[in-house]
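The primary structure of each chain is shown beneath.
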Amino acid sequence: MLNSLNRKKSSSILLLLVCLISCGKKEQPAEIAENHAVAPPYLKVDTFDILSPKKLDLTVQYNKENYGINSYKLDTPRIIVVHYTAIDNLDATLNLFKNDNIASSRDYIKDFSSLNVGIHYVVNKDGRIFHLMPDTIVARHLIGFNHVSLGIENISKDSTDLTDAQVESDARLIEFLAKKYPTIQYMIAHHEYNDTTLPHYKYFRSLNAAYKPYGKIDPGPNFMLKLRKRLAADGVVLEK
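The model shown is predicted, which means the values in this text are computed figures rather than measured ones. (Residues numbered from 1 in each chain as written. Predicted model: local features only at pLDDT ≥ 70, side-chain atom pairs only at ≥ 80, totals over all residues. Heavy atoms only, no water.)

Colleague: Tell me about unusual backbone geometry, and name the residues and values.
Modeller: In terms of backbone geometry, most residues other than glycine have negative phi values and most peptide bonds are trans. Of note, the bond from D218 into P219 is cis; its omega dihedral lies within 30 degrees of zero at -5°. With respect to the helices and strands, the residue P219 is situated in the loop between β6 (186–189) and α6 (221–233). Although it is not a glycine, A86 sits at a positive phi angle of roughly 65°. Mapped onto the elements of the fold, A86 is located in the loop between β2 (79–84) and α4 (90–98). Residue A86 is classed as exposed on the basis of its relative accessible area of 51%. (Helix = DSSP H or I, 4+ residues; strand = E, 2+ residues; numbered from the N terminus. Buried < 20%, exposed > 50% of the residue type's maximum accessible area, 1.4 Å probe, protein only.)

Colleague: With reference to specific residues and values, describe the side chain of N146.
Modeller: Mapped onto the elements, N146 comes out in the loop between β4 (129–131) and β5 (149–154). N146 sits in the buried class, given a relative accessible area of 0%. A distance of 2.6 Å separates the side chain of N146 from the backbone oxygen of L142, its partner in a polar contact. Excluding residues within four positions of it along the chain, N146 makes contact with Y62, Y67, L74, V138, A139, R140 and H141. (Polar contact = N/O pair within 3.5 Å; in protein donor to acceptor, adjacent residues only side chain to side chain. Contact = heavy atoms within 4.5 Å.)

Colleague: Describe the packing of aromatic side chains, listing the residues and the values that go with them.
Modeller: For the structure shown, the criterion picks out 10 aromatic pairs. Judged by centre distance (6.0 Å) and plane angle (75°), the rings of Y62 and Y67 are edge-to-face. By the burial criterion, Y62 is buried, and Y67 matches it. Seen in terms of ring centroids, F145 and Y193 are 6.5 Å apart; in terms of plane orientation they differ by 75°. Their pairing is edge-to-face. Taken together, the residues span a long stretch of sequence, with F145 in the loop between β4 and β5 and Y193 in the loop between β6 and α6 at a distance of 48 residues. (Phe/Tyr/Trp six-rings, centres within 6.5 Å; stacked < 30°, edge-to-face > 60°.)

Colleague: Quick one: what's the story with the sheet that holds β2, residue by residue and with numbers?
Modeller: If you walk across this open sheet you meet the six strands as β1-β4-β3-β5-β2-β6, and the pairing is mixed. Among the strands making up the open sheet, the edge pair consists of β1 (46–47) and β6. Taken together, the three bridges between strand β3 (residues 121–123) and β5 define a ladder with parallel strand orientation. Bridged to V123 within β5 is N154. Most of the contacts of α4 go to β3, to which it runs at about 170°, and overall it touches β3, β4 and β5. (Pairing = 2+ DSSP bridges. Axes fitted to C-alpha atoms, helices over the stretch in contact; angles between N-to-C directions.)

Colleague: Lay out α4 in plain terms, naming residues and giving numbers.
Modeller: In an α-helix, one turn spans 3.6 residues; hence positions three or four apart end up facing the same way. Along α4, the residues that are buried comprise L90, T93, L94 and F97. Take α4 and look down its axis: the buried residues cluster within an arc of 95°, on one side only. In the core, the buried residues of α4 are packed alongside α3 (53–67), β3, β4 and β5. Where α4 begins, the capping side chain belongs to N89, and its oxygen is found 3.1 Å from the backbone nitrogen of D91. (Arc of directions from axis to C-beta.)

Colleague: Report on the side chain of S52, specifying residues and quantitative values.
Modeller: Turning to its location among the elements, S52 is positioned in the loop between β1 and α3. With relative accessibility at 18%, the residue S52 sits in the buried group. Within the structure, the side chain of S52 is placed 3.1 Å from the backbone nitrogen of K55, a separation counted as a polar contact. In terms of polar contacts, S52 uses its side chain to reach the side chain of D100, at 2.7 Å.

Colleague: Go over the packing of helix α5 (residues 164–180) against α6 with me, naming the residues and quoting the values.
Modeller: Interaxial distance between α5 and α6 falls to 9 Å at its minimum, and their mutual angle equals 50°. With respect to α6, the element α5 is oriented oblique. Once α5 is placed against α6, the crossing between them reads as right-handed. Packed against α5, whose contacting residues are D164, Q166, V167, E168, D170, A171, I174 and E175, the element α6 presents F223, K226, L227, R230 and L231 at the interface. Across the contact of α5 with α6, the residue classes tally to six nonpolar, one polar and six charged. (Parallel < 35°, antiparallel > 145°, perpendicular 65-115°, else oblique. Left-handed = near helix turned anticlockwise from the far one by under 90°. Nonpolar A, V, L, I, M, F, W, Y, C, P; charged D, E, K, R; others polar.)

Colleague: Would you mind going over the environment of T197 in detail, with residue names and values included?
Modeller: Counting through the fold element by element, T197 comes out in the loop between β6 and α6. Overall, T197 belongs to the exposed group, its relative accessible area being 65%. Separated by 43 residues in sequence, T197 and K240 place their C-alpha atoms 9.9 Å apart. For T197, the side chain forms a polar contact with the side chain of D195, separated by 2.5 Å.

Keep in mind these values describe shape, not function.
Okay, structure coming up:
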């Protein structure tokens with residue numbers, strides 16, 4: 001009798017387990033599945049904060065003088081700009097961006113503002129990504145487009161020193177930003193920013209006629225070709 005009850009109890013437990021497993025395999029309602037598909041983008045990055053009250057004040061002044069904007073805010077990003085640092089060292093790069101004031105060695109651009117150069121993201125040679133300042137604040141990384149652009153710096157002494165890991169991380173970061181900010185239409189290299197024939201150039205603005213864009217070579221055509229191919233493989237196509 002006892003053995004018979006145990007067998008019945010075991011059968012009941014087995015049926016319950018089968019029911020739980022099969023229930024777990026049922027398709028989710030369409031609205032739930034859709035919500036999972038369009039979950040907000042997420043990307044793991046490290047943080048290295050370069051902001052200070054003084055830097056924000058200098059940014060307001062810079063924006064007023066160059067763009068006629070009385071704010072440090074970047075409200076509507078349109079362009080992602082890819083650079084390399086020309087400094088072959090992560091710590092040196094991060095500490096350089098940490099400064100509030102432009103280095104005296106920057107012969108040309110120091111004459112137009114004491115605001116230090118800045119960037120939103122730095123990508124190390126191993127692909128590690130550092131977020132230096134909020135995407136909603138203007139960084140000084142190229143002439144004429146800072147009010148509408150997010151910047152990415154890659155640690156490298158020159159175009160021959162860039163890595164495949166940086167291509168991969170840049171692609172993931174750009175895809176993340178393009179999904180997060182639907183207003184972004186363009187992705188350009190620093191060496192492409194002054195090309196007046198490219199569509200992104202319509203956003204150029206400079207209230208100081210003497211503060212003119214000049215030729216840049218970073219990060220180079222080879223890196224950008226690899227990066228654009230990698231992005232296209234994931235269905236991410238941004239204009240120049």
